[in-house]
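Architecture at a glance
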Amino acid sequence: MVPDLKTALAPNLDQRQAQSLYRYRRVLEGPQGPEIQVDGRRVWTFCSNDYLGLANHPKIRVAFMQGVQEYGVGSGAAHLVTGHSRAHHELEEALAEFVGRPRALLFSTGYLANLGVISALLGHQDAVFEDRLNHASLLDGGLLAGARFKRYRHRDCQALEAALAARRARRKLVVTDGVFSMDGDLAPLPELATVARHFDAWLLVDDAHGLGVLGEGGRGSLAHWGLGMAQVPILVGTLGKALGTFGAFVAGEEALVETLIQQARTYIYTTAPPPAVAAATLASLRLAEAESWRREKLAHLIAQFRQGAAQLGLQLMDSQTPIQPLLVGDSAAALKLSESLLARGMLITAIRPPTVPAGSARLRITLTAAHSETQVERLLEALAESL
Ligand code: PMP
């Protein structure tokens, strides 16, 4: 007999609810920004990834609309069939130049890029080594590849070294976030690169949260550390965060990109993003690079927030990036704090397991260049009142 769907699924949903792990969505009625309309109310938000405040920039809106005029809406097919437009192609060239690599390949999302690149490079005879706090898509990519899978302690190069020394494999790949998405701290890339090289392993860096924010011109974590392709042959970047649009890319040498075109299933078997998104991203890349005041303002707001939080005795994490999580621990308490802030007109979603490790629920506070000093001040006041 076919089991009744509701009867089969309900216990799990009930359990999530009881453990304060149930996930909800809120409905935005209008553009992203520091002040948004959500569920019929105007609130200030401190939890988007729109770090440079570009998601609703007038020039990027215009570029998007011009893209629609020129290319229509849908791409119509996968890149390898007939979906790869001039706009996609130009964006790939601009991204490659931006990160100083011969080639870049667009993927529809960062999740797909990470699944695609890891599973195209590795198979059963290989081994992948991942920071414990890597983004889910990197972990899933390692699992999908069917490679031997080892997670090492967060930012712990000695643990990585021991793991690499203990494994024999055809290919070894070390995988890390450049900026950790839920903690905001940086991976120790120079040390990771040295360890990887010592054990003949490639290093893949997913710079979803560093690109546009760190380094000269916003070139990201690698620019911040002064590293290039010799140390980090495989670079993943996403476009839906600091660049304010949508999509992702993998950048590296010719052979890497050609291999992905031949073999990355999440590249080959999915529809290309709308060309207008690529046109908009090209405009946002130019803005992000040129308008360094956005990074300067962000740095200023981060310093203001951290200083104010220290005065309030709040325990922040060791992060100098726009991701400034406030660790709560208990999921129910994190939800309660989020609700209390919402009552004060501040939207900061509670992040709970399994997105973060058990017992480490938090408010993932993020700052953007579109916030004002006053907004940060009020956020601190609201936190003081809510805690
Ligand atoms: N990598 C990291 C580190 C991320 O934080 C995210 C997004 N949360 C992704 C990849 C996935 O990117 P996308 O949202 O474009 O799928």
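In this text, all values refer to a predicted model and were calculated from it rather than measured experimentally.

Reading the values: the criteria
Residues numbered from 1 in each chain as written. Predicted model: local features only at pLDDT ≥ 70, side-chain atom pairs only at ≥ 80, totals over all residues. Helix = DSSP H or I, 4+ residues; strand = E, 2+ residues; numbered from the N terminus. Rg over C-alpha atoms; globule rule 2.2 N^0.38 Å. Buried ≥ 20, exposed ≤ 12 C-beta atoms within 10 Å, placed from the backbone. Contact = placed C-beta atoms within 7 Å. Pairing = 2+ DSSP bridges. Axes fitted to C-alpha atoms, helices over the stretch in contact; angles between N-to-C directions. Parallel < 35°, antiparallel > 145°, perpendicular 65-115°, else oblique. Left-handed = near helix turned anticlockwise from the far one by under 90°. Nonpolar A, V, L, I, M, F, W, Y, C, P; charged D, E, K, R; others polar. Domains from an automatic or database assignment. Expected span 1.5 Å × (residues − 1). Arc of directions from axis to C-beta.

Here we look at the overall build of the protein
- Along its length, the protein carries 15 helices and 13 strands.
- A globule of 387 residues ought to have a C-alpha radius of gyration of about 21 Å, and the protein, at 21 Å, matches this closely.
- Structurally, the protein occupies a C-alpha span of about 60 × 55 × 50 Å along its principal axes.
- Per-residue burial over the protein gives 48% buried out of 387 residues.
- Considering only residue pairs separated by 6 or more positions, the protein has 70% of its internal contacts joining residues 24 or more positions apart.

Structural notes on the sheet that holds strand β12 (residues 350-351)
- Spatial strand order, β10-β13-β12: 3 strands in an open sheet with antiparallel pairing. This sheet does not close on itself; its edge strands, each paired only once, are β10 (323-329) and β12.
- Pairing analysis gives 6 bridges linking β10 to strand β13 (residues 361-366), with the strands arranged antiparallel. By the bridge assignment for β13, L327 is matched with R362.
- Running over the sheet, helix α14 (residues 331-343) touches β10, β12 and β13 and is turned about 35 degrees from β13.

A look at the packing of helix α13 (residues 292-311) against helix α15 (residues 373-386)
- The geometry of α13 relative to α15 is characterised by a closest axis approach of 10 Å and an angle of 25 degrees between their N-to-C directions. The angle between the axes of α13 and α15 places the two elements in the roughly parallel class. At the point where α13 passes α15, the crossing takes the right-handed sense. Counting all contacts with α13, which are made through L301, Q304, F305, G308 and A309, the residues of α15 involved are E373, V376 and L380.
- Of the residues that constitute the contact of α13 with α15, the class distribution is 5 nonpolar, 2 polar and 1 charged.

Let's talk about the domain arrangement of the protein
- Each assigned domain of the protein is listed with its residue range as follows: domain 1 (16-45 + 292-386) and domain 2 (58-290).
- The gap between the C-alpha centroids of domain 1 and domain 2 is 27 Å.
- Each partner contributes to the interface: domain 1 provides 14 residues, whereas domain 2 provides 8 residues.
- Per-element accounting of the side of domain 1 that touches domain 2 gives the leading share, 3 residues, to β10.

A few points about helix α2 (residues 58-71)
- Taking 1.5 Å of rise per residue, 14 residues should cover 20 Å, and α2 covers 20 Å from first to last C-alpha, within 8% of that figure.
- Three or more residues of α2 are buried, namely I60, A63, F64, G67 and Y71. Angularly, the buried residues of α2 cover 100 degrees about the axis, an arc narrow enough to put them on a single face. Across α2 from its buried face, at more than 90 degrees, point the exposed residues P58 and Q69.
- Elements that come into contact with the buried residues of α2 comprise α4 (86-98) and α12 (275-290).
- Backbone geometry just downstream of α2 places G72 in the positive-phi region, at approximately 75 degrees.

So, the sheet that holds strand β8 (residues 234-238)
- Read from one edge of the open sheet, 7 strands run β3-β9-β8-β7-β6-β4-β5, paired in mixed fashion. This sheet does not close on itself; its edge strands, each paired only once, are β3 (103-107) and β5 (148-152). Across the sheet, the axes of successive neighbouring strands diverge by a mean angle of 20 degrees, strand direction being ignored.
- Bridge count between strand β4 (residues 127-131) and β5: 5 bridges; the pairing is parallel. If you follow V128 over to β5, its bridge partner there is F149.
- On top of the sheet, α4 reaches β3 and β9 (248-252); it is set at about 130 degrees to β3, its chief contact.
- On the sheet, helix α6 (residues 136-145) packs against β4, β5, β6 (172-177) and β7 (202-206) and is oriented at approximately 165 degrees with respect to β4.

Describing the packing of helix α5 (residues 110-121) against helix α10 (residues 254-263)
- Between α5 and α10, the least distance of the axes is 10 Å, while the angle of their chain directions is 100 degrees. As far as their axial angle goes, α10 and α5 are roughly perpendicular. Facing G116, V117 and A120 of α5, the residues of α10 in contact are T259, L260 and Q263.

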